[in-house]
Amino acid sequence: MEVAIVGIGCLSCLGNDIEDIWNMLNEPSAYQNIIYNAKYEFTSYLQGSSKRKTSRQASICRYTLEKAIEDSTKYIDTNSIDENTGTIYSSDYAALDANLKFLRQVAENDPEICSPSIFSNTVANSVLPTLCIPKQLKGVSTMLIESSSFVYARNLILEKRAKRIFAGWVSEYNEELFQDYQAMYGEQHFAEGAVSFLLQDMDEEKSKGSYCNVKNICQINLGENPWGDDDSEEKTESLIQHCIQTCLSKSGNIVPDVVISAGTHPKIEQMEAKVYSSILPDAFVIDRIASLFGAVGESSFEFGILVGSLCISHGMIPASFRKNESISDIHSVLVQGYSKIGNYTTILLSEL
């Protein structure tokens, strides 16, 4: 059974159109002046009072879902996106702007506090009003905090509990939070961003192709701070190697052409580099996803999947990640992710 990515929608500091992002990645000088720590413009698919009351986080989810549907037309008949399609989204800190708005309205005795949209940190009100109800999507639906929706969605498809799921990640801009991030991490870039992937069971659904297939996923918990002394780092490095080897061994021992690093902590990157040189010496390593797209929580993992999917569908590595090499004929990409709750995830993407 194969699970494939047949549509991608996003909002990012590099743009909101998939092909525009690809073009940006191939013209390094074009994104040297990227603006981080800001709210990015997007077209709202909400109207009237819904547009005014709904949280920015929920509006962004709806936007990227619609973009994923538009994008999927090159691979599937969008009429097949029926009511049994699921919607599973993740966030690092829920709808923080909406929560602050709610608290301010309570303090100011504002009558709008009764609006369901204001309570958008709950599962029903962050997902259902803007995604499921208007689009009549009645499949499995939930909102996860600090866990990958992509992993959960793929498992549900493999278990035959869904044929099709929108899996996404959203990190809305919040001024107070981003200022705290900046004070804590210094020069590291932080940016608002969101990605929606349309995942589909390729065995049961007809299509004209896909970005790529999701061959396998392996996840292991490293703990929240798996570094510090030599013994803990050696153990963590061993767990990372085990996770990668397990993912590859259960994928027909495909040797990836490209490896995309988690990039969420310098120590993790150092450990990964040792593992790559040991077991994947010939793979090209991309280790700047987090710094390029802006690191907020696990978002670098979702953007890593986006970049990996584009590398496979275009058959090459974007110029911005190469030095002087001419690297093409890309068939498989291994993407890593590390979350604040300690989950280390390895996913293998490959062509059909």
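Residues numbered from 1 in each chain as written. Predicted model: local features only at pLDDT ≥ 70, side-chain atom pairs only at ≥ 80, totals over all residues. Heavy atoms only, no water.

With that out of the way, let us pick up the side chain of Glu66. Its location among the elements puts Glu66 in helix α3 (residues 56–72). Assessed through its relative accessible area of 9%, Glu66 is described here as buried. Polar side-chain contacts of Glu66 include one of 2.9 Å to the side chain of Arg62. Within the structure, Glu66 has its side chain in polar contact with the side chain of Lys135 (distance 3.3 Å). Setting aside its immediate chain neighbours within four residues, Glu66 contacts Tyr45 and Lys135. (Helix = DSSP H or I, 4+ residues; strand = E, 2+ residues; numbered from the N terminus. Buried < 20%, exposed > 50% of the residue type's maximum accessible area, 1.4 Å probe, protein only. Polar contact = N/O pair within 3.5 Å; in protein donor to acceptor, adjacent residues only side chain to side chain. Contact = heavy atoms within 4.5 Å.)

Taking burial as the measure, the 7 residues of strand β9 (residues 332–338) include 7 buried ones, the bulk of the element. The alternating pattern of β9 places Ser332, Leu334, Gln336 and Tyr338 and Val333, Val335 and Gly337 on opposite faces, both of which are buried. One ladder, built from 3 bridges, connects strand β7 (residues 258–260) with β9; its direction is parallel. Note on β9: the bridge partner recorded for Val258 is Val333. Pairing between β9 and strand β10 (residues 343–350): 7 bridges, direction antiparallel. Looking at the pairing, Gln336 lines up with Thr346 of β10. (Pairing = 2+ DSSP bridges.)

Before going further, it helps to examine the sheet that holds β7. The 10 strands lie next to each other as β3-β2-β4-β5-β1-β6-β10-β9-β7-β8, forming an open sheet whose pairing is mixed. In the strand order of this sheet, the two ends are held by β3 (141–145) and β8 (284–286), each with one partner. Neighbour-to-neighbour, the strand axes of this sheet turn through a mean angle of 25°, independent of strand direction. Two strands pair when backbone bridges link them, and strand β1 (residues 3–11) and strand β5 (residues 193–201) are joined in this way by 8 bridges, in the antiparallel orientation. Paired with Val3 across the bridge in β5 is Asp201. Sheet strands in contact with α3 are β1, β2 (86–91), β3, β4 (164–171) and β5, and its direction is about 130° off that of β1. Where helix α11 (residues 299–314) meets the sheet, it contacts β1, β4, β5, β6 (212–221), β7, β9 and β10, and its direction lies at approximately 175° from that of β9. (Axes fitted to C-alpha atoms, helices over the stretch in contact; angles between N-to-C directions.)

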